[in-house]
Amino acid sequence: MNSRSELDRINRMAWNSPDATRVFTLDKTYSDPGEQAAFEWLAPRCAGEPLLDIGVGTGRTIPLMTSISSDYTGVDYTLKLLEIAQSRYPELDLRHMDARDMSALPSGHYGLAQFSWNGIDCVDYDDRAKILGEMYRLVRPGGYVLFSSHNRGGPGYRENIWQLLPQFSFNPLKLGWRTLRSMRRFQLGILNYMRNVKLNHDYGGYAVKTAAAHNFGIVIVYTTLREQRRQLAQIGFQSSAVFGSCQGNRIADDVESSDTWWFHFIARKPVAACRFD
């Protein structure tokens, strides 16, 4: 495993928590309409190709990926979650591996490498570039990558600790129940927020901020469309499509702002690519 930054340490603790196990084992198919639209766009282009599923967790994306191709490899750096996926899909190639160093996998082999549920946001920005560089190396010329990332201009970036307070109701029984239910969550959220808020920083094109998920127990990167497109181009990718999470709408290439919660980026390694090859 590579990085041991404070951001990395905080997020690793969250992924090993009972809350993460509960959330990631919920019976769920697509995370949102944008992910469904992205898979529908990719399916005819990647049918039958070798597929790489990064951050497979407990296996939510396995049926989505294997519906495109049976040639499948999944990796995750959280052993606790990966073991759940291995118990559910013992016949598949599922490996304990950090996305920042996937040197055990063959270069130029995969038709699609995907990293779902904003997993790439959970490392610092330098490590984000390492992951995208590894994805570039692993896909074949003409192959695709798919990943989701939180929107610097979306409502998630504006979430704050006060949303953990119970919603007011004129019904005293309902208000009492909401208050009791939120007490422990609010206390834990305050503790996590005060511990993690020191890492908040806005860099313009992207920002690092403690997120509401897991009771403000994670710190993630929020990106802008302009910055993510710039980073992909710098690595060598050609941007193919971007879908918004909320309605699954495709975002036009000339659009630079959106109010969606997060983006689903699809990019392609040029057919004539030689970098890393």
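Residues numbered from 1 in each chain as written. Predicted model: local features only at pLDDT ≥ 70, side-chain atom pairs only at ≥ 80, totals over all residues. Heavy atoms only, no water.

**Here's the deal with the overall build of the chain**
So, point 1. A count of helical and extended segments in the chain gives nine helices and 10 strands.
So, point 2. Each of the 277 residues in the chain was classed as buried or not, and the buried ones make up 54%.
So, point 3. In the chain, of all internal contacts separated by at least 6 residues, the share reaching a separation of at least 24 is 67%.
So, point 4. When the accessible area of the chain is evaluated, it comes to approximately 12700 Å², of which 55% is carbon and sulfur surface. (Helix = DSSP H or I, 4+ residues; strand = E, 2+ residues; numbered from the N terminus. Buried < 20%, exposed > 50% of the residue type's maximum accessible area, 1.4 Å probe, protein only. Contact = heavy atoms within 4.5 Å. Areas by Shrake-Rupley, 256 points an atom, 1.4 Å probe, with all protein chains shown as cover.)

**Topic: the nonpolar core**
So, point 1. Counting residues in hydrophobic clusters, the biggest one holds 29 residues, and the most contacted among them are L52, I54, M102, L105, F115 and M135.
So, point 2. With five residues, helix α6 (residues 125-138) is the largest single contributor of residues to this core.
So, point 3. Residues contacting I54, with those up to four places away along its chain left out, are V75, A99, M102, Q114, F115, S116 and M135. (Core = buried A, V, L, I, M, F, W, Y, C linked by side-chain atoms within 4.5 Å.)

**Describing the packing of aromatic side chains**
So, point 1. Applying the stated criterion across every chain yields a total of nine aromatic pairs.
So, point 2. Aromatic pair W41 and Y144: ring centres 5.7 Å apart, planes at 85 degrees, arrangement edge-to-face. Of this pair, W41 sits in helix α3 (residues 33-46) while Y144 sits in strand β5 (residues 139-151); the two residues are 103 residues apart in sequence, bridging distant segments of the chain.
So, point 3. Y144 sits in the buried class, given a relative accessible area of 8%.
So, point 4. Taken together, the ring pairs connect Y125, Y203 and Y206 into an aromatic cluster.
So, point 5. Geometry around W41 places R45 over its ring, the cationic atom sitting 3.6 Å from the centre.
So, point 6. Between R60 and the ring centre of W117, over which it is positioned, the NZ or CZ distance is 4.5 Å. (Phe/Tyr/Trp six-rings, centres within 6.5 Å; stacked < 30°, edge-to-face > 60°. Lys NZ or Arg CZ within 6 Å of the ring centre and 35° of its normal.)

**Quick look at the environment of G34**
So, point 1. You can see G34 is positioned in helix α3.
So, point 2. Placed 209 residues apart in sequence, G34 and F243 show a C-alpha to C-alpha distance of 5.3 Å.
So, point 3. Apart from the residues within four sequence positions on either side, G34 is in contact with F243, G244, S245, G248 and H264.

**Digging into helix α5 (residues 79-88)**
Along an α-helix, residues three or four apart share an orientation, since each turn contains 3.6 residues.
So, point 1. For α5, every residue scored as buried is listed here: L81, L82 and A85. Seen end-on, α5 carries its buried residues on one side only, within an arc spanning 100 degrees. (Arc of directions from axis to C-beta.)

**Overview of the packing of α6 against helix α9 (residues 225-235)**
So, point 1. With their axes 10 Å apart at the nearest point, α6 and α9 run at an angle of 50 degrees to one another. When the interaxial angle is binned, α6 and α9 end up oblique. The way α6 lies across α9 gives a crossing that is right-handed. Residues Y125, R128, A129, L132, G133 and Y136 of α6 lie in contact with α9, whose contacting residues are E227, Q228, Q231, L232 and I235.
So, point 2. Here the residues of the contact of α6 with α9 sort into six nonpolar, three polar and two charged. (Axes fitted to C-alpha atoms, helices over the stretch in contact; angles between N-to-C directions. Parallel < 35°, antiparallel > 145°, perpendicular 65-115°, else oblique. Left-handed = near helix turned anticlockwise from the far one by under 90°. Nonpolar A, V, L, I, M, F, W, Y, C, P; charged D, E, K, R; others polar.)

**Description of α6**
So, point 1. Over its 14 residues, α6 extends 20 Å from the first C-alpha to the last, a length consistent with the 20 Å expected when each residue adds 1.5 Å.
So, point 2. Those residues of α6 that sit buried are Y125, D127, R128, I131, L132, G133, E134, M135, Y136, R137 and L138.
So, point 3. Where the residues of α6 are buried, they touch β1 (51-54), β4 (110-115), β5, β7 (206-211), β8 (218-223) and α9. (Expected span 1.5 Å × (residues − 1).)

**So, the pairing of strand β9 (residues 238-244)**
So, point 1. The element β9 is extensively covered by neighbouring structure, given that five of its seven residues are classed as buried.
So, point 2. Direction of pairing for β9 relative to strand β10 (residues 262-268): antiparallel, over a ladder of six bridges. The residue of β10 that forms the bridge with Q238 is R268. (Pairing = 2+ DSSP bridges.)

**Comments concerning the side chain of D53**
So, point 1. For D53, the location among the structural elements is in strand β1.
So, point 2. Look at D53: it is buried, it has no salt bridge, and the nearest opposite charge is R60 at 7.5 Å.
So, point 3. Polar contacts involving the side chain of D53 include one to the side chain of T61, which spans 2.5 Å.
So, point 4. Side chain to side chain, D53 and Q114 meet in a polar contact 2.5 Å long.
So, point 5. Setting aside residues no more than four positions away along its own chain, D53 makes contact with T61, I62, M65, Y72, T73, G74, V75 and Q114. (Lys, Arg positive; Asp, Glu negative; His and termini not counted. Salt bridge = Lys/Arg side-chain N within 4 Å of Asp/Glu carboxyl O. Polar contact = N/O pair within 3.5 Å; in protein donor to acceptor, adjacent residues only side chain to side chain.)

**Regarding unusual backbone geometry**
So, point 1. Located in the positive-phi region is N118, a residue other than glycine, with phi close to 60 degrees.
So, point 2. Mapping N118 onto the fold places it in the loop between β4 and α6.
So, point 3. Assessed through its relative accessible area of 4%, N118 is described here as buried.
So, point 4. Of note, H214 is a non-glycine position whose phi angle comes to about 55 degrees, a positive value.
So, point 5. Residue position: H214 is located in helix α8 (residues 213-216).
So, point 6. Looking at H214, the relative accessible area reads 16%, which means it is buried.

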